[in-house]
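Chain by chain, the residues:
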Amino acid sequence: MTPTRRVAALAGALALVVAPATLPAQALAPATTTTVAAYDPGTYYDGVEGLSGAQLRAALTELISDQRVLSYSQVWDGIKDVDEDPQDTSSVVLLYSGTSSPKSNNGGGVDNWNREHVWAKSHGDFGTTAGPGTDLHHLRPTDVTVNSARGNLDFDEGGTQNQEAPGNHADGDSWEPRDADKGDVARMIFYMAVRYEGADGFADLEVNDRTGNGSAPYMGRLSVLKEWNEQDPPSAFEQRRNDRIHDGWQGNRNPFVDHPEWVESIF
Ligand SMILES: [Ca+2]
Ligand SMILES: [Ca+2]
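Since we're looking at a predicted model, the values are computed, not measured.

Secondary structure assignment for the protein yields eleven helices and eleven strands. Per-residue burial for the protein yields a buried fraction of 37% across its 267 residues. Relative to all contacts within the protein whose residues are 6 or more apart in sequence, the contacts with residues 24 or more apart total 59%.

In terms of nonpolar packing, the biggest core is built from 31 residues, with Ile189, Phe190, Met192 and Leu225 touching the most fellow members. Put simply, the parts of the chain that give this core at least two residues each are α4 (53–64), α7 (179–195), β11 (218–219), α8 (222–231), α10 (255–258) and α11 (262–266). One finds Val82, Val92, Val93 and Trp113 within the second-largest nonpolar core, a separate group that totals 15 residues.

The next thing to look at is the pairing of strand β2 (residues 88–93). Pairing analysis gives two bridges linking strand β1 (residues 84–85) to β2, with the strands arranged antiparallel. Across the sheet, the residue bridging to Asp85 is Asp88, located in β2. Between β1 and β2, which follow one another and run antiparallel, lie two residues. In this structure, the hairpin formed by β2 and strand β3 (residues 100–102) is closed by a connection of six residues, where Tyr96 is found at a positive phi of approximately 75 degrees.

This part takes up the sheet that holds strand β9 (residues 174–176). What holds strands together in a sheet is hydrogen bonding between their backbones, with the strands either parallel or antiparallel. Ordered in space as β6-β9-β8-β7, the four strands form an open sheet in which the pairing is mixed. Looking at which strands have only one partner, the edges of the open sheet turn out to be β6 (154–155) and β7 (160–161). Across two bridges, the pairing between β7 and strand β8 (residues 169–171) is antiparallel. Looking at the pairing, Thr160 lines up with Ala170 of β8.

Another aspect to go through is the environment of Ser73. Inspection of the secondary structure assignment puts Ser73 in helix α5 (residues 72–82). What makes Ser73 exposed here is the crowd of 10 C-beta atoms within 10 Å. Between the C-alpha atoms of Ser73 and Thr134, which are 61 residues apart in sequence, the distance is 8.8 Å.

This part takes up the packing of α5 against helix α9 (residues 236–249). The interhelical angle for the contact between α5 and α9, taken along N-to-C directions, is 135 degrees, at an axis separation of 9 Å. Considered as vectors, α5 and α9 are oriented oblique to each other. As α5 runs across α9, the sense of the crossing is right-handed. Contact residues: α5 offers Gly78, Asp81 and Val82, while α9 offers Arg241, Arg244, Ile245, Gly248 and Trp249. Looking at side-chain class alone, the contact of α5 with α9 contains three nonpolar, two polar and three charged residues.

Another point: the sheet that holds β2. Pairing is antiparallel in the open sheet, where three strands are placed in the order β1-β2-β3. At either end of the open sheet lies a strand with only one pairing partner, and these are β1 and β3. Sheet topology note: the β2/β3 ladder contains three bridges and is antiparallel. Its bridge partner being in β3, Val92 is matched across the sheet by Ser101.

This part takes up the confidence of the model for the protein. Summary statistics for the protein give a mean pLDDT of 88 and a share of 85% for residues scoring 70 or more. A low-confidence stretch, residues 1–37 stays under pLDDT 50, and its non-local contacts, those more than four residues away or across chains, total six contacts.

Cut-offs applied
Throughout, a residue's number is its position along its own chain's written sequence, starting from 1. Labels are handed out in written order, letters beginning with A for the chains and numbers beginning with 1 for the ligands. Residues qualify for local features only when their pLDDT is at least 70, as the model is predicted, and side-chain atom pairs are given and counted only at 80 or more; totals for whole chains, interfaces and linings, by contrast, use all residues. Secondary structure elements are taken from DSSP: a helix is a run of H or I of four residues or more, a strand is a run of E of two residues or more, and numbering for both begins at the N terminus. Field definition: a residue is buried when 20 or more other C-beta atoms are found within 10 Å of its C-beta, exposed when 12 or fewer are, and partly exposed for counts in between, with C-beta atoms placed from the backbone. Any pair of residues counts as being in contact when their C-beta atoms, constructed from backbone geometry, are within 7 Å of one another. For this analysis, nonpolar core means a set of buried Ala, Val, Leu, Ile, Met, Phe, Trp, Tyr and Cys residues linked through C-beta atoms within 7 Å. In this analysis, strands are considered paired if DSSP registers two or more bridges between them. Only the contacting stretch of a helix is used when fitting its axis, a line to C-alpha atoms as for every element, and angles between N-to-C directions run 0 to 180 degrees. Small angles under 35 degrees read as roughly parallel and large ones over 145 as roughly antiparallel, with 65 to 115 read as roughly perpendicular and the rest as oblique. The crossing is said to be left-handed when, going from far helix to near helix, the turn is anticlockwise and less than a right angle, and right-handed when the turn is clockwise. Charged means Asp, Glu, Lys or Arg here, nonpolar means Ala, Val, Leu, Ile, Met, Phe, Trp, Tyr, Cys or Pro, and polar covers whatever is left, Gly included. Scored from 0 to 100, pLDDT records how confident the predictor is in each individual residue.

Encoded structure:
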């Protein structure tokens, strides 16, 4: 090989080595995201995939009930991990407002964040003892006054816009989250309905097509939640949250984040 040819061959080899780095950053992002997932979908849902309707539901209840149950104080640490802001690891992303708040800003003051029970505690009266009231799959960091505005309202469309969290609306018997959180809320509610079937000393939580459920162990509105599941599919943030709850905290998953199409099969 002449020196000229050798240089040409080296340049060719270098171009091959360098080539991946010249790809746009967006093209590389999905691979990075995929490697974060530590669970094996083929294993976790073994024996479940292929089922539908009531059989699918029963199999999922059994599967996701195999979990580590947290204390309410562990939930603070859990949220600081699973809701961590991807752009700022010292902060969490707040539900409803979509803003970022320092992890250290948790508390009871008006501009602190606290632990929002998306399935309101009063709907089934489960409180904050270890169980549904400490299940990270439906607990999200939320601005204290926004959390208070949501209260224990059922979910539905319409109402007056929330001043502090634009895009969210409330009226006398319902709360409508901003568009980016609609699917998240729906899938959290469907998780709770399937996870808690009355077999563990807590109420059987169920979804119905009503608002104004008060303290009954129901959450509505089913038809609207199903629409929201379609309109706002699982985001990378929601999937990472599911992975982190599974891998680091509870050992169980929200099946509707992995398989949003199962909502239609079951509900
Ligand atoms: Ca979303
Ligand atoms: Ca149930």
